[in-house]
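Take a look at the letters that make up each chain.
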Amino acid sequence: MYYILALFTGVLITVMVTFNGGLTETHGLYSATVVIHAVGLAVVSSLLLYKRESPFIRVGKQPPPYLYLAGTVGLVTVLLTNFAFGNINVSAILALGLFGQSLSGIAVDQYGLFGMDKHPFNKRKLIGMSLMFVGVGVMVSSFGGQYAMLAAAASFGSGISIVTSRVLNARLAAHIGTRRGVFFTHVTGLVAAIPILLLFGRGEAGIHFNYVFSPSFYIYVGGLLGVVVIMMDNITAVRIPAFYLSLLLFVGQVSSGLAADFIIDRSLNPYNIAGVTLVALGLCVNVWLEKRK
């Protein structure tokens, strides 16, 4: 059940990335980031109000303060992913991000970072990891454009920040509850996003009072999907090893990412298809080795 939930989460992430990318193209990077966090905060606040729950409660053992930084780390993810959108295609963004997630997930499992359970790395999994690395290399080799490689680096970095934010969110939720954890994640993310907009977004539409909404209202749904994704991550992150959670998300994200590329560009990049196939093969090899063990 949790594996299916992780796959479905991957599909939702693809939809969210596409919507957020459309929002960035319409209003600018920093304005879009503020809107995404504001929508998410409004959604989770409404949910808390409906459940008649207060986000401010006393708990027996106070969670470590650094757990509340999940929203700030999540802000980094949004900025990096939104920057990459438009410079490389959706499936490449997701594949590179998930490769970053896989490597950072191994570190979390190996050393039990942030209080997570330890899952020692099996050296035989290097076979599958090598296939994944080649697959990512195939996709990167087809990139063109002025900011393509910078967008690729941003996508990879977003994968690292995703795992960090996911683990912090899960740990915070274990202390104060899922809905309260998501509330504070969006509060800290919004508090950090507003000064960034004021400092760097002077030329964007979101800085002015004549803010004009796009007729494509679906692009504003990314914040809502972000709340759903975080809640689903909080469920699966403590039940599935971080490495395998990242790979399950990969299957859901990149398969739907290829579909998104076809819908947006009306074409399929053969390098992306080959890269995705190699990464998926690497995943299958590692799962098979794990079952043998």
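Here the structure is a predicted model, which means the values were calculated and not measured.

Engineer: I tried to follow the overall build of the chain on my own but got confused; where do I start?
Structural biologist: Within the chain one finds 10 helices and 0 strands. Ordered by position from the N terminus, the helices and strands of the chain form the series α-α-α-α-α-α-α-α-α-α. Residues classed as buried in the chain amount to 51% of the 293 residues present. Contacts in the chain between residues far apart in sequence, at least 24 positions, make up 87% of those at least 6 positions apart. Approximately 13,900 Å² of the chain is accessible, and the part contributed by carbon and sulfur atoms is 68%.

Engineer: Before we go on, may I ask you to explain the packing of aromatic side chains in this structure?
Structural biologist: Each aromatic ring pair is described using two quantities: the centre-to-centre distance and the angle formed by the ring planes. Under the counting rule described, the total for this entry stands at 5 aromatic pairs. Measuring from centroid to centroid gives 6.0 Å for Tyr30 and Phe200, while their planes differ by 35 degrees, and the two rings are tilted. Residue Tyr30 is found in helix H2 (residues 29-50), and its partner Phe200 is found in helix H7 (residues 178-200); the two are separated by 170 residues along the sequence. Look at Tyr30 and you get partly exposed, because its relative accessible area is 22%. Consider the rings of Tyr68 and Phe184, whose centres lie 5.4 Å apart with planes at 85 degrees: the pair is edge-to-face. Linking Tyr68 in the loop between H2 and helix H3 (70-84) with Phe184 in helix H7, this pair joins segments that are 116 residues apart in sequence. Exposure remark for Tyr68: the relative accessible area of 25% places this residue in the partly exposed category.

Engineer: Looking at this structure, I do not really get H7. What am I missing?
Structural biologist: One full turn of an α-helix is made of 3.6 residues, so residues set three or four places apart face in the same direction. Here H7 is 23 residues long and its end C-alpha atoms lie 32 Å apart, about the 33 Å a rise of 1.5 Å per residue gives. Considered for burial, the residues of H7 that qualify are Arg180, Gly181, Val182, Phe183, Phe184, Thr185, His186, Gly189, Leu190, Ala192, Ala193 and Leu197.

Engineer: Explain helix H6 (residues 148-176) here, please?
Structural biologist: Given a rise of 1.5 Å per residue, 29 residues ought to cover 42 Å, and the 41 Å separating the end C-alpha atoms of H6 matches this to within 8%. Once H6 finishes, Gly177 follows within two positions and takes phi at roughly 100 degrees, a positive value.

Engineer: Mind showing me how you'd approach the pattern of salt bridges here?
Structural biologist: A pair can form between side chains of opposite charge whenever their charged atoms are brought close. By the definition in use, this model includes 1 salt bridge. Here Glu53 ties to Arg179 by a salt bridge, and the two come within 2.7 Å at their closest N and O atoms. Placement of Glu53 in the loop between H2 and H3 and of Arg179 in helix H7 is noted, with a sequence separation of 126 residues between them. Using a relative accessible area of 23% as the deciding quantity, one classes Glu53 as partly exposed.

Engineer: In this structure, what is going on with the nonpolar core? I would like to understand it.
Structural biologist: As a rule of thumb, nonpolar side chains are buried together in soluble globular proteins. The biggest cluster of nonpolar side chains holds 41 residues, and the ones touching the most others in it are Ile88, Phe250 and Val254. Mapped by element, the contributors of at least two residues to this core are helix H1 (2-27), helix H4 (90-111), helix H5 (126-141), H6, helix H8 (222-236), helix H9 (242-265) and helix H10 (270-292). Ranked by residue count, the leading element in this core is H4, at 9 residues. In terms of nonpolar packing, the next biggest core, distinct from the first, is built from 22 residues, Ile176, Phe184, Leu197 and Met231 among them.

Engineer: What's the story with empty space enclosed by the protein in this structure? I'm lost.
Structural biologist: Any empty space left between the atoms is revealed when a probe the size of a water molecule rolls over them. Tallying each qualifying case throughout the model produces 2 cavities of 30 Å³ or more. In this model, the largest cavity occupies a volume close to 550 Å³. The wall of the largest cavity is formed by 31 residues, among which Met16, Gly74, Thr77, Val78 and Ile162 lie closest to the centre. Of all elements in the fold, only H1, H2, H3, H4, H6, H7 and H8 reach the threshold of two or more residues within the lining of the largest cavity.

Engineer: Please clarify how the packing of H6 against H8 should be interpreted in this entry.
Structural biologist: When two helices pack together, their arrangement is given by the angle between the helix axes and by the axis-to-axis distance. Close contact between H6 and H8 brings their axes to 9 Å; oriented N to C, the two are set at 75 degrees. The angle between H6 and H8 places the two elements in the roughly perpendicular class. Across the interface between the two elements, Arg166, Asn169, Ala170 and Ala173 of H6 pack against Ile230, Asp233 and Asn234 of H8. Residues that form the contact of H6 with H8 fall into these classes: 3 nonpolar, 2 polar and 2 charged.

Rules of the game
- Per chain, the residues get numbers from 1 upward, laid out in the order the sequence is written.
- The predicted nature of this model means local features are confined to residues of pLDDT at least 70 and side-chain atom pairs, given and counted, to a pLDDT of 80 or more, with totals for whole chains, interfaces and linings taken over all residues.
- Where side-chain values are given, they derive from all heavy atoms of the structure, hydrogens and water being excluded.
- For the purposes of this entry, the term helix denotes a DSSP run of H or I that reaches at least four residues, the term strand denotes a run of E that reaches at least two, and both are numbered from the N terminus.
- The classification of residues rests on relative accessible area computed with a 1.4 Å probe and restricted to protein chains. Under 20% of the type maximum is buried, over 50% is exposed, and intermediate values are partly exposed.
- Contact criterion: two residues are considered in contact whenever any of their non-hydrogen atoms come within 4.5 Å of each other.
- Only the protein chains shown count as cover for residues, and the accessible areas themselves come from Shrake-Rupley with a 1.4 Å probe.
- Stacked, tilted and edge-to-face are the three classes assigned to paired rings of Phe, Tyr and Trp, where Trp is represented by its six-membered ring and a pair needs centres within 6.5 Å; plane angles under 30 degrees give stacked, over 60 edge-to-face, the rest tilted.
- Take the number of residues in a helix, subtract one, and multiply by 1.5 Å to get its expected span.
- For this analysis, a salt bridge means a side-chain nitrogen from Lys or Arg found within 4 Å of a carboxyl oxygen belonging to Asp or Glu.
- Nine residue types can take part in a nonpolar core, namely buried Ala, Val, Leu, Ile, Met, Phe, Trp, Tyr and Cys, and a core is a set of them joined through side-chain atoms within 4.5 Å.
- Here a cavity is any set of points on a 1 Å grid over the protein atoms alone where a 1.4 Å probe fits but cannot get out, and a pocket is any open set with protein on both sides within 12 Å along at least 5 of 7 lines; a residue lines the site when it has an atom within 4 Å of a point.
- Grid points are joined across faces, edges and corners, and a volume is the space filled by probe spheres set on the points.
- Axes here refer to lines fitted to C-alpha atoms; in helices the fit is confined to the stretch in contact. Angles between the N-to-C directions go from 0 to 180 degrees.
- Note on angle classes: values under 35 degrees are labelled roughly parallel, values over 145 roughly antiparallel, values of 65 to 115 roughly perpendicular, and the remainder oblique.
- Any residue outside Ala, Val, Leu, Ile, Met, Phe, Trp, Tyr, Cys, Pro, Asp, Glu, Lys and Arg is labelled polar, Gly included; the first ten of those are nonpolar and the last four are charged.

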